[in-house]
Structures are given as C-alpha cells and as structure tokens.
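Coordinate analysis (summary)
Chain by chain, the residues:
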Amino acid sequence: MATDTDPNFQFPVSNFNHPREACGVFGIYGHPEAAQITYFGLYALQHRGQESAGIAVHQDRRIHAHKGMGLVPDVFDAAHLAELGGGSAIGHVRYSTTGGSILVNAQPFVVQHRGRFYAVGHNGNLVNAHILRAELEAAGSIFQTTGDSEIFLHLLVRNLDKGLDPALRETVARLRGAYSFVALTSRGEVIGIKDPNGFRPLCVGRLNGSFVLASESCALDLIQAEYVREVAPGEIVIIDENGLRSIPGPRADHESLCIFEYIYFARPDSTIRDANVYLMRKAFGRQLALESPVPADLVMPFPDSGVYAAIGYSEASGIPFEMGMIRNHYVGRTFIQPTQSMRDFGVRVKLNPVKEVLRGKDIIIVEDSIIRGTTARTRVRTLRELGVKKVHMRISCPPHRFPCHYGIDFSTRGELIAAGKSVSELKDHLGLDSLHYLSIEGMLAASGVDQPDQVFCKACFDGCYPVDFDADLTKDCMEIGQ
Ligand code: SF4
C-alpha cells in the first residue's frame, strides 16, 4: 500500500466544488528557532496548500530539509524541528497545479551545485515552463521533478558565475507567468521574488531583528512579527547579515494581483496590499445586496466560506443573518467517499442544515463562487426537502467563464459550469428561485482600491489575460470578454 513516504504516493482526489490554491511560502533569516518559526508560519498558511509541506534550513553552509505528503502537523513532529534547528529557513505548503501530487514534487526543492546548496519554494505557475524545460533539457539539465518550480534553480545556477544579484536578475528575466518565490542560499541569504505583474501575494515582516517573508500577513500575526510591506511586482528582496536590500525588477504596464485572493483564497484575517480580506469580502456582499435585492426572511452563507459576504449582504439589506448550515470541521482527507447509492451522505457528512431555522422560510444563500457546481445542486435540493419555501442564491463574484493559468486549479473552460450555461440556465440547473452574481464593475468598485483596473487580474471573469500564453485564449478575450 502506498504511504506518504512512498515517492509514488498519490493524494486522494475528491470532487471539490471550490478551487484550490497553488501554494503558500514562508522564509526567515538568521533566527535561532528558524525551523519552529517556519513551522508555525506554514500552519497559518495551511489553507493555501494541503497536499505536502516542507522546511529547508541553512546551517554551516549546508541546507537540510524535511518534506512529506499531507498537512503541516502530519509532516513534522518535535524531533524533526529540533533536528532542523535554527539559522535561515524557508518553508512551503503545496497544492499541485503543475506536476503530480507526489512526494518528489514536494517543496522546497534543494539542490547542490559546485559544492553549494540552494533551495526554493514557489507559489504560482510559469506559463512558459514547457519551453524553458525543453531548452534546459536539450542543454543537458536533468530534472528531478515534474513541476515547473525547479526551472528557477536550473536557470539560477547557470548564471551564478556573474554573482548572486545578476544571476537572479537574469533568471527572472526568462520567466513568464505568476511567481512568488522564496529561496535560500548556502550563505544563508533568504530571497523573495515576485513576478512583474504581482499575481500572488508575498509580504515582508520583522521579528526580533530578523526579516521574514510570507505569502500572507496572517502568518506574521501568528509568529507575532510586525508587518512591514508587500513585496512590489517585479521586486527581488535579499535578506542577509546587512538587513534587507531590494533589487527593483521589470514591472508590467500594470499590476495584476489575483482578485480571487480577496474573494476566496486568502485568509480573512490577512491584509494584502493594504486591503484587509475580511473587510473586502463584506464590501462585496454589500455591493451584491445593492445590485440584486430580493425579499426574504434570512441571509445565510452557503456553506461557511461565503460568511463574510453574507454578513455584508445582511447589513446592506437589513435582512437578518443566520447560520442555516453547520459544517463538520473534522472531515479529514481520510474520509471515504460514499458509493453512488449513498452519495447524499457525502454532502451531509460535511454540512447539515438547521431545520428549525430554515423550515417554511424564504432564504438568500450567499456563496463566494461556483466553480464546478458539483455540490450546490444537492445542497439546494436538501433545503427544498426541508420545507424551505424560496431559495435565492447570490454569488459574491462574477461568473467564472475562463480558466486560470496563473496558479489556480481550474485550467480548462470545461471545468467551469458558468462557461457552458447562462445565469438563467444555471438557476434552473441548480433548482433556485433566483440567481445573481456580483458584476465585474461592482466588484472593482467595492474593492475600494484606487484604479482597480490597473491593480487586479480578473481574467477568469472577463477572459482578458494580463500575461499572454495561448493565442486561442487571447481570442476568447476579444470575442467574449469585451
Ligand atoms: S485568472 Fe482569476 S484566479 Fe487566476 S490569477 Fe486571475 S483573477 Fe486570479
């Protein structure tokens, strides 16, 4: 039987209705308890990736790493952390968008080149990975993994003769797509890099004189680090014994921070680019209430990831907020998927309605997104069977009609239920009395960000991809997105 230490271990795949994030990264320079701090940082970032976790620590000009399949507490115990010890460290939690969910693809990747060690952890997706990999392999590179992140190290070591800073600059000049990297050198330098569009978040914090890097500020809160700033698009930051130095890199014409980080991925207690996620979700809910009012007895999240938008909807509409469905928080990855004849059990084991709150009511259910629509229909039917009179659904983002190629796990239009159905068809398909999505204009206005068109990627809603990768999809933008 395959186990999580077996290199061929495959993470059990279930039929998720929600998209999954592609990874979380963390780094700390020169701390006596670097492994412990990184462990807690990864704990705070667990929502960004649950397939594998890893920590690499620099000590005595070497880099030691421990990685495994599963959640952070499954992969590390006290003995691992004690063995890894202190120094400089980087950490990674992974959900795979390229490369299989196997131990060999777990990060950070560590390599040895001319007697020196380097490690990297990556959040994002390189859209030119296939070209770079083919080129590197033709030149003799041997790849250890099937993901795109290893390419960074292959390019880096080829340029190191010129020195670290030029090597980093030349490496990132070859990369296209979404990347927030943390890297570690055999001199203990900790490096943070963000792509020129700034697709994925990466922030800098300070802890007892050390600098830290994290995908989200919630990780800084947990380790009681002070938030300093977001790494700028295109920027390389290098942390060493002299502090933090910044190498400004090429910036795209405008920023393309993934707006879906605010809608769904990021933790609500995180602040990205000076905007708090919780407050923005509430603002999306308020805007949704203004755009699509409907009389009802109560507003509820559906399930609990829509809770902040539902609070906003309730505040703006004056309709009471209730928790009409209760989530079982203890359904782990070992949950055995039921047979077809017992399929409703699969939904009910995770979510159970509160009959006394719902029966005989007209309700508005607020969801943050519908990606594949695999579970929403069953949940609506459950509500009907309970005696709910009217079921209205409000979605706190626009319809997902286009795939994401920047690190989120819906990479084909066929996976997206809204790509093949109109809103009216989807309402009927889900068995709803009404269905409304937040408009793109409303979403941008509610973000509260100045010139949001110059700040956010929204390609999965309008098909206008900020980094070109495929001629056919650029055509989609022109024909459908505009
Ligand atoms: S396409 Fe959508 S999910 Fe992907 S980066 Fe852009 S906004 Fe985010």
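Residues numbered from 1 in each chain as written. Predicted model: local features only at pLDDT ≥ 70, side-chain atom pairs only at ≥ 80, totals over all residues.

1. Description of the overall build of the protein
Convention followed: Where helices and strands are cited, they refer to DSSP runs of H or I of at least four residues and of E of at least two residues respectively, numbered from the N terminus. Each residue is classed by its C-beta neighbour count within 10 Å, where at least 20 other C-beta atoms makes it buried, 12 or fewer makes it exposed, and intermediate counts make it partly exposed; the C-beta atoms are placed from backbone geometry. What counts as a contact here is a pair of residues whose C-beta atoms, placed from the backbone, lie within 7 Å.
The helix and strand inventory of the protein stands at 17 helices and 23 strands. Looking at the protein as a whole, 48% of its 482 residues are labelled buried. Look at the contacts in the protein between residues 6 or more apart in sequence, and 70% of them connect residues 24 or more apart.

2. Concerning the pairing of strand E4 (residues 87-94)
Going by this rule: A pair of strands is considered paired only if DSSP assigns at least 2 bridges between the two.
Most of E4 sits inside the fold, with 8 of its 8 residues counted as buried. The pairing of strand E1 (residues 23-31) with E4 spans 7 bridges and is antiparallel. Paired with Val 25 across the strands is His 92, a residue of E4. Two strands pair when backbone bridges link them, and strand E2 (residues 52-59) and E4 are joined in this way by 7 bridges, in the antiparallel orientation.

3. What about the sheet that holds strand E12 (residues 236-240)?
As a reminder, the rule being used: Axis lines are fitted to C-alpha atoms, over the contacting stretch for helices. Their N-to-C directions set the angle, which ranges from 0 to 180 degrees.
Taking strand neighbours across the sheet as the criterion, the 6 strands line up as E5-E6-E7-E8-E12-E13 in an open arrangement whose pairing is antiparallel. Looking along the sheet, the strands with just one partner apiece sit at the ends: strand E5 (109-113) and strand E13 (243-247). Pairwise comparison of adjacent strand axes, ignoring direction, gives a mean angle of 20 degrees for this sheet. In the sheet, strand E7 (residues 177-185) pairs with strand E8 (residues 190-194) via 5 bridges, with the strands oriented antiparallel. Counterpart to Val 182 in the pairing with E8 is Gly 192. Packing against the sheet, helix H5 (residues 150-159) makes contact with E5, strand E6 (116-126) and E7, and its axis sits at approximately 135 degrees to E6. Contacting E7, E8, E12 and E13, helix H6 (residues 164-174) runs over the sheet at an angle of about 45 degrees to E13.

4. Here we look at the sheet that holds E4
Pairing is antiparallel in the open sheet, where 7 strands are placed in the order E3-E2-E4-E1-E10-E9-E11. At either margin of the open sheet sits one strand with a lone partner, and together these are strand E3 (62-69) and strand E11 (226-230). Neighbour-to-neighbour, the strand axes of this sheet turn through a mean angle of 15 degrees, independent of strand direction. As judged from the 8 bridges shared by E2 and E3, these two strands associate in the antiparallel manner. The partner of Ala 53 across the bridge, within E3, is Gly 68.

5. Comments concerning the environment of Leu 244
If you trace the backbone, Leu 244 turns up in strand E13. Sequence separation between Leu 244 and Glu 189 is 55 residues, and the spatial gap between their C-alpha atoms is 9.9 Å. Excluding its chain neighbours within four sequence positions, the residues that come into contact with Leu 244 are Val 204, Phe 211, Val 237 and Ile 239.

6. Regarding the pairing of E8
Among the 5 residues of E8, 5 are classified as buried, and the element is accordingly described as predominantly covered. Here E8 shows no split at all, with Val 190, Gly 192 and Lys 194 on one side and Ile 191 and Ile 193 on the other all buried. The hairpin turn running from E7 into E8, its antiparallel successor, is 4 residues long, and Gly 188 in that turn takes a positive phi close to 85 degrees. The pairing of E8 with E12 spans 4 bridges and is classified as antiparallel. Its bridge partner being in E12, Ile 193 is matched across the sheet by Ile 236.

7. Considering the nonpolar core
Formally: When buried Ala, Val, Leu, Ile, Met, Phe, Trp, Tyr and Cys residues are joined through C-beta atoms within 7 Å, the set is termed a nonpolar core.
If you look at the biggest cluster of nonpolar residues, it comprises 134 residues, and the most contacted ones within it are Ala 56 and Ala 119. Those residues in contact with Ala 56, other than ones at most four positions away along the chain, are Ile 63, Ala 65, Ala 89, Ile 90, Pro 108, Val 110, Ala 119 and Leu 184.

8. Structural notes on the confidence of the model for the protein
To keep things clear, this is the line we draw: For every residue, the pLDDT score states the predictor's confidence, bounded by 0 at the bottom and 100 at the top.
Put simply, the protein has an average pLDDT of 88, and 88% of its residues get 70 or more. Between residues 1-17, whose pLDDT stays under 50, and residues either more than four places distant or in other chains, the model counts 30 contacts. Segment residues 471-482 is flagged for pLDDT under 50; beyond a separation of four residues in sequence, or across chains, it makes 14 contacts in the model.

9. Regarding the packing of H5 against H6
Which entries qualify depends on this criterion: Every angle not falling under 35 degrees, over 145, or within 65 to 115 is termed oblique; those three ranges are roughly parallel, roughly antiparallel and roughly perpendicular. Helix crossings are classified by the rotation of the near helix relative to the far one: an anticlockwise turn of less than a right angle makes the crossing left-handed, while a clockwise turn makes it right-handed. For this classification, Asp, Glu, Lys and Arg are treated as charged, while Ala, Val, Leu, Ile, Met, Phe, Trp, Tyr, Cys and Pro are nonpolar and the rest, including Gly, are polar.
The geometry of H5 relative to H6 is characterised by a closest axis approach of 8 Å and an angle of 140 degrees between their N-to-C directions. In terms of their interaxial angle, H5 and H6 are classed as oblique. In this structure, the crossing between H5 and H6 has a hand that is right-handed. Of the residues in H6, those touching H5 at Phe 152, Leu 155, Leu 156 and Asn 159 are Pro 166, Ala 167, Leu 168, Glu 170, Thr 171 and Arg 174. Residue composition of the contact of H5 with H6, by class: 6 nonpolar, 2 polar and 2 charged.

10. Looking at unusual backbone geometry
In this model, Gln 107 is joined to Pro 108 through a cis peptide bond whose omega is 5 degrees. Its location among the elements puts Pro 108 in the loop between E4 and E5. The residue Arg 273 is not glycine, and still its phi comes out positive at about 50 degrees. Although it is not a glycine, Asp 274 adopts a positive phi angle of roughly 70 degrees. On the secondary structure map, Asp 274 appears in the loop between strand E15 (271-272) and strand E16 (275-276). Residue classification places Asp 274 among the exposed positions, given that 9 C-beta atoms sit within 10 Å.

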